[in-house]
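# Close look at the chain arrangement
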Amino acid sequence: MLPKKYRLLADYDFRRLRRLGQPYRSPFFTLVIASAKPGQLRIGFVISNKVDKRATVRNRVKRLLREAVQQKLPALKTGFDVAFYVRPLCLTKSYAEVCTEVNQVLSKTPLLQ
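To keep things clear, this report deals only with the structure shown in the data block.

Here is what the cut-offs are and how they apply
- Residues numbered from 1 in each chain as written.
- Predicted model: local features only at pLDDT ≥ 70, side-chain atom pairs only at ≥ 80, totals over all residues.
- Heavy atoms only, no water.
- Pairing = 2+ DSSP bridges.
- Helix = DSSP H or I, 4+ residues; strand = E, 2+ residues; numbered from the N terminus.
- Axes fitted to C-alpha atoms, helices over the stretch in contact; angles between N-to-C directions.
- Buried < 20%, exposed > 50% of the residue type's maximum accessible area, 1.4 Å probe, protein only.
- Arc of directions from axis to C-beta.
- Contact = heavy atoms within 4.5 Å.
- Core = buried A, V, L, I, M, F, W, Y, C linked by side-chain atoms within 4.5 Å.

### Some points on the sheet that holds strand E3 (residues 41-46)
The sheet built from 4 strands is open, its strands ordered E1-E2-E4-E3 with mixed pairing. Two strands lie at the open edges of the sheet, namely strand E1 (22-25) and E3, each paired on one side alone. In this sheet, neighbouring strand axes are inclined to one another by 20° on average, regardless of whether the strands run parallel or antiparallel. Where E3 lies against strand E4 (residues 80-86), 6 bridges are found, and the strand directions are parallel. Each residue of the ladder has a partner; that of Phe45, found in E4, is Phe84.

Right, dumping it as structure tokens:
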């Protein structure tokens, strides 16, 4: 689980990200990044009921993404808010495939140091 200081929780912040953020698309998810307070890095995960009705499936995917992102935390720059919007293709993928995709998308963003 992500430490509390890295969590993006407020609905207002997710709406701000959607409005002002820069999207990076992948077959598994869309990563949206927007600048935030200096020294602060917050990450959120969104999985709609449209992706899958079962909460257990949605939570499994969130856990996979959280773990993949948590391994990259030391390499990520601060000063950003980040949201992962999951797509249905991500439901059938393994942890290794999700990690690889997260690494590829993050390498295209200004988040990596």
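### Section: helix H1 (residues 11-20)
Restricting attention to buried positions, one finds in H1 the residues Asp13, Phe14, Arg16 and Leu17. End-on view of H1: buried residues confined to an arc of 160°, all on one side of the axis. Turned more than 90 degrees from where H1 packs its buried face, Asp11, Arg18 and Arg19 sit exposed. Where H1 is buried, its residues contact strand E2 (29-35), E3 and E4.

### Concerning the nonpolar core
Of all hydrophobic cores here, the largest spans 31 residues; its most connected members are Leu31, Ile43, Leu65, Val82, Phe84 and Val102. Contributing elements (two or more residues each) for this core: E2, E3, helix H2 (55-72), E4 and helix H3 (95-107). Top element by residues in this core is H2. It accounts for 6 residues. Contacts of Leu65, omitting those with residues within four sequence positions, involve Phe29, Phe45, Phe84, Val86, Val98 and Val102. Counting 7 residues, the second-largest nonpolar core is a separate cluster that includes Leu8, Leu17, Ala83 and Tyr85.

### A few points about the environment of Lys77
Mapped onto the secondary structure, Lys77 falls in the loop between H2 and E4. Residue classification places Lys77 among the partly exposed residues on the basis of a relative accessible area of 33%. C-alpha separation for the pair Lys77 and Leu41, spaced 36 residues apart in sequence, amounts to 7.4 Å.

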